[in-house]
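The chain contents come next:
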Amino acid sequence: MTLGVNRMAEQAQKFGYQLRLLASDPSIYSDTEGADVLTFPTNDHAQLRAYIRAERSNIGAVFSSTDTWGVIAAELREEFDFPRRFSSSRLKNFRDKEWVQRELSAYSATPVSDFPKIVKPRNGTGSLGIDLVHTERELEELRASAGDQDAFVTEPYYRGPLYSAEFWSNGNSTVFFGITNRILTAPPVFLENVKTFPHEHGTPWEAEVEKWGKSLLAKLQYDVGFAHVEFIETANGFALVELNARMPGALITPAIDTCTNFDPYALAVADALNMEPHLPEIREVCAGHSHVSIYSTQTGQLRGIDGLDNLRFYPGQPGWIPSKSIGDHITDTTSYKARIGNVYATAATPALAQDRALAASQALTVDVQ
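Residues numbered from 1 in each chain as written. Predicted model: local features only at pLDDT ≥ 70, side-chain atom pairs only at ≥ 80, totals over all residues. Heavy atoms only, no water.

- You'll find the chain entered in an unreviewed UniProt entry as ATP-grasp domain-containing protein, with Brevibacterium mcbrellneri ATCC 49030 given as the organism.

As structure tokens, then:
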């Protein structure tokens, strides 16, 4: 979600607004030419409120398409009477993984065994803090060491390939963008190595996923915009992993923009202004997109990235989107925080795009010491 700022700025200008980005580290955003960027301590909610209060007459809307700041943005809209379609309490429910699973329990495949189990933060993001436990004793030991047990949820461990279905809904209209596949590292780390969109588009299998995903949104009376629905296809059917009320992360949102006739950035701005967007009557797929995440396998300082000049020799117009800068310190090798960046490629089909992205990714090596 560090991409697309300039695209959202273009949409804001169509409505007579200048997009202002508040970011504690603006360097992580790669395309901000059309936005007014302000370095700001966004984790300090008191300072955020003071800033909004001082600038209230100049601001048309406050929003965030992320799960980290989405709720505080919704609270600010209520506190300062900005346009809004939904309450912060509804968004908090959608951020609560246990609440979502409880509401949708009838729509998910039944687990085949009691163990292993997944333990993860109730409001977590970015695959942080996920543990795989194999026995009741391991589970009790983890709970004992966790401190605030209410901050964590325990879920079945489903066996099968992982996907995400990408939706948007404002309660009146629901859009299905497509499905993103996942190639993961072996458990218990669950790093996402490769993502490809729109996976298996136009197939009966995709239609089945779309119908299932829309049934989840209908049950929740979902109206908060983007819905990133992660699921596993098990031997017993589709099993919900989690529903994230945010734009899809990594390079999935740019993939939607590139590969379909939908504009996710226009939808984000329409959500912010509480306006009905102009939506195509049918989805049209014009390309495939895939990206490969490059991770550090050790902690230390990022000294260099070799091979970037060689990307031009590969098909699919591959490119590099960095997640880290030279000199940054890698402190964790088990989550997205170990990601150095993403190599992406496009093609006429998702499968060809994946082949191209995988080949191009092999041109790069990273130096962490």
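Moving on from the coordinates now.
### Comments concerning the sheet that holds strand β12 (residues 300-306)
Next up, step 1: With antiparallel pairing, 3 strands are arranged side by side in an open sheet as β14-β12-β16. Whereas interior strands pair on both sides, the edge strands pair on one side only; in this sheet they are β14 (329-330) and β16 (365-368). (Pairing = 2+ DSSP bridges. Helix = DSSP H or I, 4+ residues; strand = E, 2+ residues; numbered from the N terminus.)

### A few points about the packing of aromatic side chains
Next up, step 1: Enumeration over the complete set of coordinates arrives at 12 aromatic pairs.
Next up, step 2: Seen in terms of ring centroids, F167 and F176 are 5.2 Å apart; in terms of plane orientation they differ by 45°. Their pairing is tilted. One exposure class covers both F167 and F176, and it is buried.
Next up, step 3: Joined through ring pairs, the aromatic side chains of Y163, W205, W212, F231 and F238 make up one cluster. (Phe/Tyr/Trp six-rings, centres within 6.5 Å; stacked < 30°, edge-to-face > 60°. Buried < 20%, exposed > 50% of the residue type's maximum accessible area, 1.4 Å probe, protein only.)

### Focus on the pairing of strand β15 (residues 339-347)
Next up, step 1: Along β15, 7 of the 9 residues are buried, which leaves the element largely enclosed by surrounding structure.
Next up, step 2: Pairing of strand β11 (residues 288-295) with β15 involves 8 bridges; the strand directions are antiparallel. Within the sheet, the bridge partner assigned to H289 lies in β15 and is T346.
Next up, step 3: Bridge count between strand β13 (residues 319-322) and β15: 4 bridges; the pairing is antiparallel. In the strand pairing of β15, P322 is matched with G341.

### Some thoughts on the sheet that holds strand β8 (residues 192-197)
Next up, step 1: Pairing in this open sheet of 8 strands is antiparallel, and the strands run β10-β9-β6-β7-β8-β11-β15-β13 from one edge to the other. Two strands in the sheet have a free side with no partner beyond their single neighbour: β10 (237-244) and β13. Averaged over neighbouring strand pairs, the angle between their axes works out to 25° when direction is ignored.
Next up, step 2: In this structure, strand β7 (residues 174-184) lies alongside β8, joined through 4 bridges in antiparallel fashion. Bridge pairing links L184 to E192 in β8. (Axes fitted to C-alpha atoms, helices over the stretch in contact; angles between N-to-C directions.)

### Some remarks on unusual backbone geometry
Glycine aside, residues mostly have negative phi, and peptide bonds are mostly found in the trans state.
Next up, step 1: The peptide bond linking P187 to P188 adopts the cis configuration, its omega dihedral lying at 15°.
Next up, step 2: Omega for the peptide link from F197 to P198 comes to -10°, which places this bond in the cis form.
Next up, step 3: Counting through the fold element by element, P198 comes out in the loop between β8 and α7 (204-220).
Next up, step 4: Backbone geometry places D81, a non-glycine residue, at a positive phi of 55°.
Next up, step 5: Topologically, D81 is positioned in the loop between α3 (70-79) and α4 (88-95).
Next up, step 6: Of note, F190 is a non-glycine position whose phi angle comes to about 60°, a positive value.
Next up, step 7: Within the element layout of this structure, F190 appears in the loop between β7 and β8.
Next up, step 8: You can call F190 buried: its relative accessible area is 16%.

### Overview of α4
Next up, step 1: The complete set of buried residues in α4 reads S88, L91, F94 and R95. An end-on view of α4 places all buried positions within 115° of arc, on one side of the element.
Next up, step 2: The secondary structure elements touched by the buried residues of α4 are α3, α5 (97-103), α7 and β10. (Arc of directions from axis to C-beta. Contact = heavy atoms within 4.5 Å.)

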